[in-house]
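Next come the chains, spelled out residue by residue.
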Amino acid sequence: MLSKSENNIICLLFFASIMVFVNIGGVSCSLPIGVYALLKFYFRPKPSLFSKHIKWLSYLFLVGVISSIFSSVSFQFRNAYFLVQFLYWLLLARTIGSLYPVIDKKQMSWTIALGCSILGACNLFGGLGTQNSVAFILVVLGPLGMYGLNNRHWQLFYGILLWGLMLFNESRSGLVILTVELLFIMCLYVSKTRIKQIAIVLSVLIGVFVMSPQLRKIVGNVIEPYNGEMALLLTDPEQVQAYDKSWIQRQVQVQKGIQIFEEYPVIGIGANNFTPMDIRINENAISNKVDANALQAVMKRSDNRSTHNTYITLLSEFGVIGTTLWILFIFPFLWLMYKRLKTINDFEYMILVTTIGMSVYFYTIAALYGTVAWLFYGLIYGCYKENSNKVL
């Protein structure tokens, strides 16, 4: 195990990364801690960016470098700066994954719970942090905080707190995914030995709820005073699809990404080049369920925006090669955890649940990059490496 002071460094890194609204000049407050952690831990154990499983992320980075250099978008200082950031995130993921077996996960989990609670409260009462960045952290790291709490009562309290903070954050997809994540984690309270059967029953119940307008309307009316946009999605999804500007904006950016991929299908246009890429978006290809006037209003402010979809980010910026590398990183982990579902510990089960939640969330948010995301990729790598060694 790491010493107490070494664990404190890891926990401080996670905490500072969660505090996305705190910056030092133009950089995150987590950067100096991350650099110090890399210098301190990089040679423990022997470093390798092309070892088992982490190699897929390393290859993704290399594809990003090559596609950025040869992109139709001119290579500028911002591209070089971003590739340095990209390498930093990759090194962080490799370090966290390598240290995974010796990290005090209870302490790290408790730190995550504290950080997410503070982040959600600061967002709710002070408006600090953007809606999407806060929602992403609560969805991806938030549930991991339950592991570090001492008993089921505190875990339940934290789960309710996390859900309430997301409710007032007003991220619709974030609220849906976090709700499902928490429900699946609660399955541990029923029976860990029958987790597969319970998960199947829960999935069926969720499907029944989604397909039942009456049930959706009941829930929508309850939460309407606290999150009107989520309530409208539950009670009248057709209206959201037709008139909601946020929903339409996502479709516009997805269409832009599809057109970029069709033109540059192999390795894409380079890491972080989607936003500055100038392309005429084909309005006719966007769903005919969208109101024409709402679509025109969105088109007027569609420049310099993100993909709003991580898979579109992968396809447009890294092409089919980069997207395949991402699948090779995520899918083997999900399959291994599924096969070992009855034997993995609670923390590993929470990583599995949040990885599935993140994978679904990626359809509505552009979150491939960032320190929090890559710290989590490091946990995926470490969890996979430790469990793959146990499989005969």
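Keep in mind that this is a model prediction, so the values were computed, not measured.

Definitions and limits used
Residues numbered from 1 in each chain as written. Predicted model: local features only at pLDDT ≥ 70, side-chain atom pairs only at ≥ 80, totals over all residues. Heavy atoms only, no water. Patch = residues over 30% accessible without salt bridge, like charges linked within 9 Å, V, L, I, M, F, W, Y side chains within 5 Å. Areas by Shrake-Rupley, 256 points an atom, 1.4 Å probe, with all protein chains shown as cover. Salt bridge = Lys/Arg side-chain N within 4 Å of Asp/Glu carboxyl O. Helix = DSSP H or I, 4+ residues; strand = E, 2+ residues; numbered from the N terminus. 1 Å grid on protein atoms, 1.4 Å probe; cavity = no way out; pocket = protein on both sides within 12 Å on 5 of 7 lines; lining within 4 Å. Points joined across faces, edges and corners; volume = space filled by probe spheres on them. Axes fitted to C-alpha atoms, helices over the stretch in contact; angles between N-to-C directions. Parallel < 35°, antiparallel > 145°, perpendicular 65-115°, else oblique. Left-handed = near helix turned anticlockwise from the far one by under 90°. Contact = heavy atoms within 4.5 Å. Nonpolar A, V, L, I, M, F, W, Y, C, P; charged D, E, K, R; others polar. Phe/Tyr/Trp six-rings, centres within 6.5 Å; stacked < 30°, edge-to-face > 60°. Lys NZ or Arg CZ within 6 Å of the ring centre and 35° of its normal.

> Explain a nonpolar patch on the surface here, please?
A grouping of Ile-200, Val-204, Val-208, Leu-215, Ile-218, Val-219 and Val-222 is seen on the molecular surface, where their side chains present a nonpolar patch of about 600 Å² in accessible area. Elements that contribute at least two residues to the nonpolar patch include exactly helix 9 (195-211) and helix 10 (213-223). Broken down by element, the residue count for the nonpolar patch peaks at four residues, all from helix 10. Here Val-222 is to be found in helix 10.

> Just to check I follow, could you spell out the layout of surface pockets for this structure?
Rolled over the atoms, a probe sized like a water molecule indicates the empty space that remains. Estimates place the volume of the largest pocket at around 1,100 Å³. Taken together, 35 residues make up the lining of the largest pocket; nearest its centre are Gln-85, Trp-89, Tyr-369, Gly-370 and Thr-371. Mapped onto the lining of the largest pocket, the elements with two or more residues apiece are strand 2 (27-28), helix 2 (30-41), helix 4 (77-99), helix 6 (131-140), helix 15 (310-339) and helix 17 (371-388). Tallying contributions element by element places helix 4 first for the lining of the largest pocket, with six residues. Of the pockets and cavities examined, the second largest pocket occupies roughly 630 Å³.

> Just to check I follow, could you spell out the packing of helix 1 (residues 4-18) against helix 5 (residues 105-126) for this structure?
Packed helices, taken two at a time, are described by the angle between their axes plus the distance between the axes. For the pair helix 1 and helix 5, the least separation of the axes is 9 Å and the interaxial angle reads 20°. By the angle between their axes, helix 1 is roughly parallel relative to helix 5. Between helix 1 and helix 5 lies a crossing of right-handed hand. Taking contact as the criterion, the partners of Asn-7, Asn-8, Ile-10, Cys-11, Phe-14, Phe-15 and Ile-18 in helix 1 are, on helix 5, Gln-107, Met-108, Thr-111, Ile-112, Leu-114, Gly-115, Cys-116, Ile-118 and Leu-119. Residues belonging to the contact of helix 1 with helix 5 are distributed by class as follows: eleven nonpolar, five polar and no charged.

> Before we go on, may I ask you to explain the packing of aromatic side chains in this structure?
The geometry of an aromatic ring pair is captured by two quantities: the separation of the ring centres and the angle between the planes. Using the criterion set out here, one finds 25 aromatic pairs in the structure. An angle of 90° between the planes, with centres 5.8 Å apart, marks the rings of Trp-154 and Phe-157 as edge-to-face. Of this pair, Trp-154 and Phe-157 are both found in helix 7 (residues 152-169), three residues apart, which corresponds to roughly one turn of the helix. Arranged with centres 6.0 Å apart and planes meeting at 75°, the rings of Tyr-311 and Phe-362 form a pair that is edge-to-face. One end of the pair, Tyr-311, is in helix 15; the other, Phe-362, is in the loop between helix 16 (346-361) and helix 17, and 51 residues separate them in sequence. Above the face of the Tyr-147 ring, Lys-106 is positioned so that its terminal group lies 4.4 Å from the ring centre. If you follow Lys-256 out to its NZ or CZ, it ends over the ring of Phe-274, 4.5 Å from the centre.

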